[in-house]
Amino acid sequence: METAKIVLASLLSYAALFLSAKLIGRKQVSQLDFLDYITGITIGSIGAELATDLENMWKPLVAIAVYALITWLLSLMNLRFSQMRKYSNGTPTIVMDNGKLYRGDMKKAKLELSEFMVMCRQQGYFDLADIQTAVFEYNGKLSILPAAQHRPVTPGDMNLAPEQEKIFTEVIMDGRILEENLKRMGRDAAWLDKELKAQGISGAGEVFLGLCDPELNLSCYLKD
């Protein structure tokens, strides 16, 4: 009976965390800001308690629901009232511009000089003279505008007009045909089978990854 309770509590904890993450949105997973960081730690801690508290499971369950709801409401308010974002998440801070480091702004942003140097090196800037402007974003990341003479050459600089690259669509993954992606492209399994045979491939089972461009050109990577 005790084991069954533990299993039930763990499943309930997993389901609660999954549903709260879906409610909060993908931002919690991909990119943490100040509020997301607090919420993530707290909900994770409550979820662990829910998985082990066999006597009062409903208490941490309610707490998770409340935290997720508050985060969702704050997210909606941030979208509706732009001024609120300044207080809830903070604002970007220019910490370097035109060869000058702003010590006071770094101090306000709680960004140490050594940490700033690490962030620059991580983006490939070992010489600060290569940087025109550096902005410390509210999510803790550093955005860098390179100096004009040190930025990469673009086709526009050379008066070239290359064709725009387009997104490839996965149609086969590990031998499995992705019917929905085919349908979205206006094609079906019969068309795919014909394209495979034209490349000397007997079936999708031989393909590890199959990609199709907007012009319906199929590229296949076979299994070992």
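For the structure, check the block above.
Enquirer: Which parts of the structure should I look at to understand helix H7 (residues 113–122)?
Expert: Listed in full, the buried residues belonging to H7 are Phe116, Met119 and Cys120. An end-on view of H7 places all buried positions within 100° of arc, on one side of the element. On the buried face of H7, the contacting elements are strand S1 (93–97), strand S2 (100–101), helix H6 (103–108), strand S3 (131–136) and strand S4 (142–146). Once H7 finishes, Gly124 follows within two positions and takes phi at roughly 90°, a positive value.

Enquirer: For this particular structure, what's the right way to read the sheet that holds strand S5 (residues 169–173)?
Expert: The strands that make up a sheet are held in pairs by hydrogen bonds between backbone atoms, and each pair lies either parallel or antiparallel. An order of S6-S5-S7-S8 is seen for the 4 strands of this open sheet, with the pairing classed as antiparallel. With one partner strand each, in any of the chains shown, strand S6 (176–177) and strand S8 (218–222) form the two edges of the open sheet. Two elements, strand S7 (residues 207–212) and S8, share 5 bridges in a ladder whose sense is antiparallel. In the sheet register, Gly210 faces S8, and the bridge partner there is Cys220.

Enquirer: Sorry, what's going on with the pattern of salt bridges here?
Expert: Enumeration over the complete set of coordinates arrives at 3 salt bridges. The partner of Asp157 in a salt bridge is Arg151, and the shortest N-O contact between them spans 3.1 Å. Since its relative accessible area comes to 41%, Asp157 is described here as partly exposed. Salt-bridge contacts for Asp193 lead to Lys197; the nearest nitrogen and oxygen are separated by 3.0 Å.

Enquirer: Sorry if this is basic, but what is going on with the nonpolar core here?
Expert: One recurring pattern in soluble globular proteins is that nonpolar side chains are buried together. Among the nonpolar cores identified, the biggest contains 13 residues, and Val95, Phe116, Cys120, Ile131, Ala134, Leu142 and Ile144 are the most heavily contacted of them. Residue assignment for this core shows that the elements contributing at least two residues are S1, H7, S3 and S4. Contacts of Ile144, omitting those with residues within four sequence positions, involve Cys120, Gln123, Tyr125, Ile131, Thr133 and Ala134. Listed in part, the 11 residues of the second largest apolar core include Ile172, Trp191, Ile201 and Cys212.

Enquirer: Just checking my understanding: could you explain a nonpolar patch on the surface for this structure?
Expert: A cluster of nonpolar residues, Trp58, Val62, Val66 and Ile70, forms a patch on the protein surface that exposes about 390 Å² of accessible area. Along the chain, the position of Val66 falls in helix H4 (residues 58–80). Note on Val66: relative accessible area 42%, which makes it partly exposed.

About the cut-offs
Residues numbered from 1 in each chain as written. Predicted model: local features only at pLDDT ≥ 70, side-chain atom pairs only at ≥ 80, totals over all residues. Heavy atoms only, no water. Buried < 20%, exposed > 50% of the residue type's maximum accessible area, 1.4 Å probe, protein only. Helix = DSSP H or I, 4+ residues; strand = E, 2+ residues; numbered from the N terminus. Arc of directions from axis to C-beta. Contact = heavy atoms within 4.5 Å. Pairing = 2+ DSSP bridges. Salt bridge = Lys/Arg side-chain N within 4 Å of Asp/Glu carboxyl O. Core = buried A, V, L, I, M, F, W, Y, C linked by side-chain atoms within 4.5 Å. Patch = residues over 30% accessible without salt bridge, like charges linked within 9 Å, V, L, I, M, F, W, Y side chains within 5 Å. Areas by Shrake-Rupley, 256 points an atom, 1.4 Å probe, with all protein chains shown as cover.

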